[in-house]
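Letter by letter, the chains look like this.
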Amino acid sequence: MAAVSPCMNRIPRRRRTLVTSVLAGGLSATGALASGQTTADPIPAPSPTGPGIELTAGAWLARFGGEVQLGDGGSVFRVDQTIRNDGYEVAPLVECSLLDGEGFSRWRLQAFDFSSDVSGATNDALSFGSVSLAAGDPYEASIDFTSLSVDHVIHRWTAIDPAASDGPGVGRGDARLDWLFLGGLRWIGVDQRIGIPGGASEAPDADWLVAMFGARFEFTWEPPGGFAVGEQLRISAELTAGPGLNAGGGSAWSVRSGAELTLADGVRGYFGYRLLELNLEDGDWTFDSGLQGLFVGLSIAF
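About the thresholds
Residues numbered from 1 in each chain as written. Predicted model: local features only at pLDDT ≥ 70, side-chain atom pairs only at ≥ 80, totals over all residues. Heavy atoms only, no water. Pairing = 2+ DSSP bridges. Helix = DSSP H or I, 4+ residues; strand = E, 2+ residues; numbered from the N terminus. Phe/Tyr/Trp six-rings, centres within 6.5 Å; stacked < 30°, edge-to-face > 60°. Buried < 20%, exposed > 50% of the residue type's maximum accessible area, 1.4 Å probe, protein only. Lys NZ or Arg CZ within 6 Å of the ring centre and 35° of its normal. Core = buried A, V, L, I, M, F, W, Y, C linked by side-chain atoms within 4.5 Å. Patch = residues over 30% accessible without salt bridge, like charges linked within 9 Å, V, L, I, M, F, W, Y side chains within 5 Å. Areas by Shrake-Rupley, 256 points an atom, 1.4 Å probe, with all protein chains shown as cover. Salt bridge = Lys/Arg side-chain N within 4 Å of Asp/Glu carboxyl O.

Trainee: Which parts of the structure should I look at to understand the pairing of strand β14 (residues 285-301)?
Mentor: The two faces of the sheet receive side chains in turn, since in a regular strand these alternate between them. Sheet topology places strand β1 (residues 52-70) next to β14; 17 bridges connect them, and they run antiparallel. Bridge assignment links Gln69 to a residue of β14, and that residue is Thr286. One ladder, built from 14 bridges, connects strand β13 (residues 267-282) with β14; its direction is antiparallel. Bridging across to β14, Arg268 finds its partner in Ser299. Counted between consecutive antiparallel strands, the loop separating β13 from β14 contains two residues, among which Gly283 sits at a positive phi close to 65°.

Written as structure tokens, this is what we have:
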């Protein structure tokens, strides 16, 4: 067994819609697997045939929530409690990854679009710019949330290498564990509107650019004979965070975790959870809110 060694111009306004203990699981898995014994023939790297492209398309069942404030004298209130602008909506989400010679993502482009419109009676009084509502007053509210991001794998460390007989990594036969360290940029565009039906309304909008840095672990398991459905299982979790680079500044962070099952050569099904949380400002508008929910998708590599 081997020893372990280790901007943006203003974008025209339009409808816009696109989380931290998960990484601790990767550390636990690293230690647990490294202490085991090789019990099966080594599995190959995911795609030894050369660089390629992987396209993923799916649906994010996302829920909007958090706090907002508009104006120096405006109240800070939760959109998922005071006005119940928190229903689940299906947001389309797509990814395109450039793969290296071993089938790992080196560059990744992601985009999503989320939109929600609600109306009803407020649960509590609120003041949003020029709009003031007492508890029980009728209201209309909407949120449009769009995001485009690109990130790059700065470094990959293979903690459990099924093909290693010496050098970095610990051979485990049918299991592989990789840590990937990431850096990138995320553009986020948000339109929010709150108003009185047939009366006054406020509709702030902003475009933010955020630098994101973090890590992802990927545990790949291919048991002899595969599964009843599929051949290889990959479990992953990712955490990224960073500062806002424009407007009033702030920060953002995101979490994603899930499982991917290889259904056929180059085809994988994905099921998981995603969260994107923002604490950003633009003028007198503070947006301390985000999206979270389950995601299901299908990816094709070629």
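Trainee: Which parts of the structure should I look at to understand the packing of aromatic side chains?
Mentor: Two aromatic rings, taken as a pair, are described by how far apart their centres are and by the angle between their planes. A complete count under the given rule lists ten aromatic pairs for this structure. Pairing Phe64 with Phe287 gives two aromatic rings, centres 6.0 Å apart and planes at 15°, and the pair type is stacked. Pair noted here: Phe64 is in strand β1 and Phe287 is in strand β14, with a separation of 223 residues, a long-range link. There is no split in this pair, since Phe64 and Phe287 are both buried. Taken together, the ring pairs connect Trp60, Phe64, Phe112, Phe145, Trp208, Trp285 and Phe287 into an aromatic cluster. Taking NZ or CZ as reference, Arg274 lies 4.3 Å from the ring centre of Phe295, over its face.

Trainee: How do you make sense of the nonpolar core when you look at a structure like this?
Mentor: If you look at soluble globular proteins, the nonpolar side chains tend to sit buried side by side. By size, the foremost hydrophobic cluster in this structure holds 37 residues, and its most contacted members are Phe114, Phe145 and Phe287. Ranked by residue count, the leading element in this core is β1, at five residues. Judged by nonpolar contacts, the second largest core, of nine residues, contains Ala159, Ala175, Trp179 and Phe217.

Trainee: Quick question: what am I supposed to make of a nonpolar patch on the surface here?
Mentor: The grouping of Leu98, Trp107, Leu109, Leu148, Val150, Leu185 and Leu245 at the surface amounts to a nonpolar patch, some 600 Å² of accessible area in total. Sorting the residues of the nonpolar patch by element identifies β4 (105-121) and β7 (138-160) as the ones contributing at least two each. As for its position among the elements, Leu109 is in strand β4. Accessibility expressed as a relative area gives 41% for Leu109, which makes it partly exposed.

Trainee: Explain the pattern of salt bridges to me, please; I cannot follow it from the model alone.
Mentor: Close approach of charged atoms allows side chains with opposite charge to pair. Scanning all chains against the criterion turns up 16 salt bridges. Arg268 is the partner of Glu54 in a salt bridge, and the nearest nitrogen-oxygen pair spans 2.5 Å. One end of the pair, Glu54, is in strand β1; the other, Arg268, is in strand β13, and 214 residues separate them in sequence. Note on accessibility: Glu54 and Arg268 belong to one class, buried. Here Arg176 makes a salt bridge to Asp161, at a shortest N to O gap of 3.8 Å. Remark: Asp161 occurs in the loop between β7 and β8 (175-195) and Arg176 occurs in strand β8; sequence separation between them is 15 residues.

Worth remembering: the numbers are spatial, not functional.
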